[in-house]
Every structure is written in C-alpha cells, then in structure tokens.
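Each chain, letter by letter, is given below.
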Amino acid sequence: MRSQMPSRESLLAWIDQISFAVVEMNLYLDTHPEDEDALAFFREKAELRKEALKQYAEQYGPLTVDTADDRMSRSFEWVTQPWPWELKQKGGC
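Since we're looking at a predicted model, the values are computed, not measured.

The rules behind these values
- Position numbers for residues count from 1 along each chain, tracking the sequence in the order it is written.
- Where local features are concerned, this predicted model is filtered to residues with pLDDT of at least 70; where side-chain atom pairs are given and counted, the filter is 80 or more; whole-chain, interface and lining totals use all residues.
- In computing side-chain properties, one takes all heavy atoms of the structure into account and sets aside hydrogens as well as water.
- The convention used is that axes are lines fitted to C-alpha atoms, helices contributing only their stretch in contact, and that angles between N-to-C directions extend from 0 to 180 degrees.
- Labels follow the DSSP assignment, with helices taken as runs of H or I lasting at least four residues and strands as runs of E lasting at least two, numbered in each case from the N terminus.
- An angle below 35 degrees is treated as roughly parallel, one above 145 as roughly antiparallel, one from 65 to 115 as roughly perpendicular, and anything else as oblique.
- By definition, any crossing whose near helix is turned counterclockwise from its far helix by less than a right angle is left-handed, and any crossing with a clockwise turn is right-handed.
- Take the number of residues in a helix, subtract one, and multiply by 1.5 Å to get its expected span.
- Whether two residues are in contact is decided by their heavy atoms, any of which lying within 4.5 Å being enough.
- Nonpolar core, defined: a set of buried Ala, Val, Leu, Ile, Met, Phe, Trp, Tyr and Cys residues in which side-chain atoms within 4.5 Å join the residues together.
- Relative accessibility thresholds used throughout: buried, under 20% of the residue-type maximum; exposed, over 50%; partly exposed, between the two (1.4 Å probe, protein chains only).
- Polar contact is the term for a pair of N or O atoms within 3.5 Å; when the atoms are in protein, one must be able to donate a hydrogen and the other to accept it, and sequence-neighboring residues count only if both atoms are side-chain atoms.

Student: Any chance you could break down the packing of helix α1 (residues 8–31) against helix α2 (residues 36–60) for me, citing the residues and the numbers?
Tutor: It is the contact of α1 with α2, at a shortest axis distance of 9 Å, that shows an interaxial angle of 150°. Between α1 and α2, the crossing angle belongs to the class labelled roughly antiparallel. Crossing hand, α1 versus α2: left-handed.

Student: An account of α1 is needed here, citing residue identities and associated values.
Tutor: If you check α1, its first and last C-alpha atoms are 35 Å apart, about what 24 residues at 1.5 Å a residue would give, namely 34 Å. Check the buried side of α1 and you find it contacts α2.

Student: Could you give me a rundown of the nonpolar core, with the residues and numbers involved?
Tutor: Among the nonpolar cores identified, the biggest contains seven residues, and these are L11, L12, I15, A52, L53, Y56 and Y60. Of all the elements in the fold, those that place two or more residues in this core are α1 and α2. Among the elements that make up this core, the one with the highest residue count is α2 (four residues). Not counting residues up to four positions away in its chain, the partners in contact with L53 are I15, L63, T64 and T67.

Student: Would you mind going over α2 in detail, with residue names and values included?
Tutor: Residue pairs three or four apart in sequence face the same way in an α-helix, which turns once every 3.6 residues. Compared with the 36 Å implied by 1.5 Å per residue over 25 residues, the 36 Å span of α2 between its first and last C-alpha is a close match. Within α2, the full set of buried residues consists of A38, L39, K45, A52, L53, Y56, A57 and Y60. Capping of α2 at its N-terminal end is provided by D35; its side-chain oxygen lies 3.2 Å from the backbone amide nitrogen of D37. Positive backbone phi, at 110°, marks G61, one or two positions downstream of α2.

Structural data, given as structure tokens:
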C-alpha cells in the first residue's frame, strides 16, 4: 500500500524547516569546523533537504534550478504553476 503523498503546503513547510536546519548548521560549522557530530548532522539534514526538494519537483515542479530536470526546463510548465508565495498558507513560503 502506498503512503499518502504530502500536500503542497506540508511539503513546503518541511522544506522550510529542514532548510533552516541546514543553514544554521552551515553557519555553526563556519566557526566549529572540527565538530564531527555537527558535520554528521549537517550532512544528514542536507540529504533530507535534497530528497524533499526532489519530491516537491516531481509532484509540483521545481523550486530551485538544481531540481529542474531536462523535461521541465524545456517545457517551462513550471511557469504556469503558482509561485510558493502565491499559495494560501499562513506565513507565505
């Protein structure tokens, strides 16, 4: 049985949360480059972010240029979809 796909809003919220963790860990590692636990945490969260962006791109279109595959980049279908800030969700994108 397939699990239910997350809604656009919940997937965007997850991407926001995991992106925050990645950026914060990146900043921390700038001043603590020898912290192996932090580096492992950063790598784990960066992979989760990559997977979430890929899932979003497959379901709703790319959010970033690196998640636009050849099919999408040639068709430019993503232009006709609502932009993340156009979605009716508390807090915007």
